Every structure is written in C-alpha cells, then in structure tokens.
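Survey of secondary and tertiary structure
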Amino acid sequence: MNDIKPILWGAAIAVFGWITPAWPAIAIVLPILWKEARTRKQVITLFLSYYLVGSHSLQGSAYAFFGEGDYANAMSLFVWIGSSILNATPFAMLWQQNTRPPHSGLRFAAAVALATLPPIGIVGWLNPLLAAGTVQPGLGIWSVLIGASILTIIAATGRRSAPFIVFCLAWSLLPTSTNANKQIPENWVGIVSQWGKPPENASEELVRRNLIRNAVDDEFAKGAAVVFLPENIAGRWSESHQIFYRTYFNHWLEAGKTLAIGATTSKDGYLLNSLVIMSRADTTVFSSRQVVPISMWKPWSGDSYYINWFGPDSIKINDTMVLTSLCYEDFLFPLALIGYLKSSPTIILSTANAWWAGNSGEVEMQKLHIETTAKVLGLPLIRTINLPENHVAR
C-alpha cells in the first residue's frame, strides 16, 4: 500500500459505512488494511481519514454550537480534528509490522477496546465494534461477540481473510427479523419538535410552556398513554416547573398517563441532563451518564454537568424496562451495551435536542448511530428530538 491508498480507503469506508448508503458493516474491511499496512504512517492516515470523513458533520455542527467567527471556527476544528486523532491513536499505537497470528488479531482487538472505553470512548463514534455487530444483528451481546470475533479473525489473517470478508458483507445484506417479537408499547409517543433553544427568560419560558402544554394535550387526547419530550426542552428545572406541569397535567396523570420532560436539573452543585418523569404516583428525575465534552462536561468549570458511566441506565415505565439514551449518548455504543447487560431492557428511548445543528448532517449522523445500536441489540427504538428550525431531512 502506498501512502495515498490508506487515505482513499479510509474515506471510502467512512462514506459507504456512515454517510451513504449507510452500511456500517463495511468497516470490517479496516482490520485487513491495518494488518497489511507497511508503516505506522499508513495506519495513522487510514484511521484519520476514516474518522475525519465519517464525522465531517461534526465540524459544521460544532461551529453552529459555538456561535460564529474565529473562536467558533477554531473550536469546531479542534473538536473535529482532535476527536479524530484520539479515535485513531489506539490503532496506530498497537500496530506492529509483520506480527504473526494470533498476535495481530489480539492487538487489533485491544485497539478497538481502547477506542471503545473511557477516556477515548467518550468521543467513540464510528465505532468498528458497533459496525461489525451489524453483520449478524439482533442477538444482543451475541451480535457484539460475533462482530468482535470477525474483526479479530480478519486482523489476524490479513489478506487470506478476503473471502471471509466477502461472505460477512454478503451476509449482512440479508434481511433479518431483529425486532420481530419486540414492539414499542402501544400508545407510547415521542414528540418531534422544532422549538428552538431552551428558554432563557420569562417571556421565552411562557412560550415554551404553551408549546409543551398544547403538544402534550394533543397527544394525550388522541389516546397516548406515555408521552416523551426532547432533551432539555424545558430548560433549567425549578420548583415552579414542577408545580406548573403537575398541576396543569394532573387530570391526565390521574387518568394513568405518564409524561417525561427533558430538562436541566441540579444536585450537589452539579448540573444534570435529566428526564423528569411524572406519573400518578410520583415524579422521578432520571439523569444521563455522559454529556457533550467541552460544552457541557467541563470539569475545570463551576457550571459543569455531572457524568457517571456506570450510573443508572434504565427506568421502568408502566412495567416496561426502558434503556435511556440522552442526546450525546446516542453516539456512544458502549453506554448502551453496559445498560443492556445490567438492566435487560426491552426498548430503547432516545431523547435529543439539536436546535443548534442547522443542516450540518449531525442530526442524521446521530440518528444512524442510535438506530444501528438498536438494530445490533435487537431492541425497538422510540425517539423524541427537537430539530433545528431550518432542518431539511436528508
């Protein structure tokens, strides 16, 4: 492989796997290229190309998030390029020329593990393990183990695995019944809105409460039993929010309905990215395990959000165990896998807020990640999201 080919291969795998036609299984080609590389430089360019191209929408969405001008441009490039370097690093570090089987396979497996778990896993999108799990999806942990085995075998055997790769890719195209016996409970609704940023003053708060009130009333009146609202749609939660929403929706709650509202709560000096879940019996606050680095998780700052990878991951709603994925967590496959193993959920709830993302492609990238996760784990998915006001579906 000359030095330009790894760049082209990495870009092509990213495009076909995560952009169009969105066929993540194609990423199982990465370990054969890793094994056959002749220099560490080729490995670095292969994986940098894969991560930079696959996450290209991150640059545009980060620019929109941080505002405009030189600062936003610098931060967006830092987030995009920096995260790509982090993700590529384990594969470059653990590559060794002329490594014999099974050591080359074990080295690649170790690189995948390092890219999956914290600290690198905190920016672990485009995960090869998630991609490989789509070769035989729908079997939960067995799909993951099959995917890990495929990656390991290919990295161990190199070019001799070419027929095996062709077989696996062909197999991944066969129709599967991943959720045949699992359905979202009847009359559960995730609201899709385009309501802009969270409210920051009294007039914006009044507008937002009216939007929430009208949308929820409409769904409950149509027969919904449980209604989910997007991440942080209510903004900073306070006692007045609790009193207002419980009082206004009391007649629905007393009728056995359940309402989950995304909001920012606080505890012990930390901010929490939360779902406030109201039922007839009580109000429960359920918080995310990981929020967006730099913009929300900033341990150097006094206004940082709290993170806890091994904290609560699922909540029971109407006797159904729900695995939660709060916005940024949609990108992090290991969080969903940990929750799946710990709590044995029967559905996944994805709640997101992308009011700032514009038409960068971030919405589609996030959607593909959580849909792929649900496919691999064999769980039905219910989503609620606040889209950008100018969003055009791709």
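Please read all numbers here as calculations on a predicted model, not as lab measurements.

Moving on to the overall build of the protein chain. When you go through the protein chain residue by residue, the secondary structure sums to 14 helices and 10 strands. Each of the three principal axes of the protein chain carries a C-alpha extent, and together these read 70 × 50 × 40 Å. Within the protein chain, buried positions represent 56% of all 394 residues. Look at the contacts in the protein chain between residues 6 or more apart in sequence, and 73% of them connect residues 24 or more apart. In the protein chain, which carries 28 positive and 25 negative side-chain charges, the distance between the mean positions of the two groups comes to 13 Å.

Glancing now at the packing of aromatic side chains. With the rule as written, the count across this model stands at 17 aromatic pairs. An aromatic cluster is built from Trp237, Phe244, Tyr245, Tyr248 and Phe249, whose rings are joined through pairwise contacts. Residue placement shows Arg213 over the ring face of Tyr248; its charged tip is 5.2 Å from the ring centre.

Moving on, we come to the nonpolar core. Ranked by internal contacts, the top residues of the largest apolar core, which has 70 residues, are Ile28, Phe47, Tyr50 and Phe91. Beyond its immediate sequence surroundings of up to four residues, Tyr50 is in contact with Gly10, Ala11, Ile13, Ala14, Trp18, Ala27, Leu30 and Leu126. Core analysis: the second largest hydrophobic core is formed by 22 residues, Ala234, Tyr245, Trp252 and Leu259 among them.

With mixed pairing, five strands are arranged side by side in an open sheet as 1-3-4-5-6. Bordering the open sheet on either side are strand 1 (188–190) and strand 6 (283–287), each of which pairs with just one other strand. Each strand of the sheet is rotated relative to its neighbour by a mean of 30°, with strand direction disregarded. When strand 3 (residues 226–228) meets strand 4 (residues 258–267), the two strands line up parallel, connected through three bridges. Across the sheet, Val226 pairs through a bridge with Thr258, a residue of strand 4. On top of the sheet, helix 11 (residues 239–248) reaches strand 4, strand 5 (270–278) and strand 6; it is set at about 10° to strand 5, its chief contact.

Time to look at the environment of Asp268. Mapped onto the fold, Asp268 is located in the loop between strand 4 and strand 5. We classify Asp268 as exposed; its relative accessible area is 69%. C-alpha separation for the pair Asp268 and Glu219, spaced 49 residues apart in sequence, amounts to 35 Å.

Between helix 3 (residues 40–54) and helix 5 (residues 70–94), whose axes approach to 8 Å, the crossing angle comes to 140°. The pairing of helix 3 with helix 5 is recorded here as oblique in orientation. Seen along the crossing, helix 3 lies across helix 5 with a hand that is right-handed. Here Arg40, Val43, Ile44, Phe47, Leu48, Tyr51 and Leu52 of helix 3 come into contact with helix 5, specifically with Trp80, Ile81, Ser84, Ile85, Asn87, Ala88, Phe91, Ala92 and Met93. Broken down by class, the residue content of the contact of helix 3 with helix 5 amounts to 13 nonpolar, two polar and one charged.

Here the focus is the side chain of Gln242. Within the secondary structure, Gln242 is located in helix 11. In this structure the side chain of Gln242 is engaged in a polar contact, spanning 3.1 Å, whose partner is the side chain of Thr283. Residues contacting Gln242, with those up to four places away along its chain left out, are Trp237, Met278 and Thr283.

Counting buried positions along strand 8 (residues 320–326) gives six out of seven residues, so the element sits mostly inside the fold. In this sheet, strand 8 lies alongside strand 7 (residues 314–317) in antiparallel orientation, the contact comprising four bridges. Across the sheet, Ile317 pairs through a bridge with Thr320, a residue of strand 8. The hairpin formed by strand 7 and strand 8 contains two residues between the paired strands, and Asn318 there has a positive phi angle of roughly 50°. For strand 8 and strand 9 (residues 347–353), the ladder comprises five bridges, and the chain directions are parallel. Residue Ser325 lies in a different strand from strand 9, and its bridge partner there is Ser350.

Two elements in contact, helix 13 (residues 333–343) and helix 14 (residues 362–377), have axes separated by 10 Å at closest approach and are oriented at 35°. When the axes of helix 13 and helix 14 are compared, the crossing they make is right-handed. Across the interface between the two elements, Phe333, Ala336, Leu337 and Tyr340 from helix 13 touch Thr373, Val376 and Leu377 from helix 14. Residues of the contact of helix 13 with helix 14, tallied by class, amount to six nonpolar, one polar and no charged.

Mapped onto the elements of the fold, Asn318 is located in the loop between strand 7 and strand 8. In this structure, the C-alpha to C-alpha distance between Asn318 and Ala110, residues 208 residues apart in sequence, is 40 Å. Leaving out residues up to four positions away in the same chain, Asn318 has contacts with Trp188, Val226 and Thr258.

Let's shift gears to the pattern of salt bridges. Between side chains of opposite charge, a pair can form as their charged atoms come close. According to the stated counting rule, one finds 11 salt bridges in the structure shown. A salt bridge links Glu200 to Lys197; the nearest nitrogen and oxygen atoms lie 3.4 Å apart. For Glu200, a relative accessible area of 63% puts it in the exposed group. A salt bridge links Asp313 to Lys342; its shortest N-O distance comes to 3.3 Å. Within this pair, whereas Asp313 is found in the loop between strand 6 and strand 7, its partner Lys342 is found in helix 13, the two being separated by 29 residues in sequence. The structure contains a network of salt bridges with shared partners spanning Glu36, Arg38 and Arg159.

Rules and cut-offs
- Residues numbered from 1 in each chain as written.
- Predicted model: local features only at pLDDT ≥ 70, side-chain atom pairs only at ≥ 80, totals over all residues.
- Heavy atoms only, no water.
- Helix = DSSP H or I, 4+ residues; strand = E, 2+ residues; numbered from the N terminus.
- Buried < 20%, exposed > 50% of the residue type's maximum accessible area, 1.4 Å probe, protein only.
- Contact = heavy atoms within 4.5 Å.
- Lys, Arg positive; Asp, Glu negative; His and termini not counted.
- Charge placed at Lys NZ, Arg CZ, Asp CG, Glu CD.
- Phe/Tyr/Trp six-rings, centres within 6.5 Å; stacked < 30°, edge-to-face > 60°.
- Lys NZ or Arg CZ within 6 Å of the ring centre and 35° of its normal.
- Core = buried A, V, L, I, M, F, W, Y, C linked by side-chain atoms within 4.5 Å.
- Pairing = 2+ DSSP bridges.
- Axes fitted to C-alpha atoms, helices over the stretch in contact; angles between N-to-C directions.
- Parallel < 35°, antiparallel > 145°, perpendicular 65-115°, else oblique.
- Left-handed = near helix turned anticlockwise from the far one by under 90°.
- Nonpolar A, V, L, I, M, F, W, Y, C, P; charged D, E, K, R; others polar.
- Polar contact = N/O pair within 3.5 Å; in protein donor to acceptor, adjacent residues only side chain to side chain.
- Salt bridge = Lys/Arg side-chain N within 4 Å of Asp/Glu carboxyl O.

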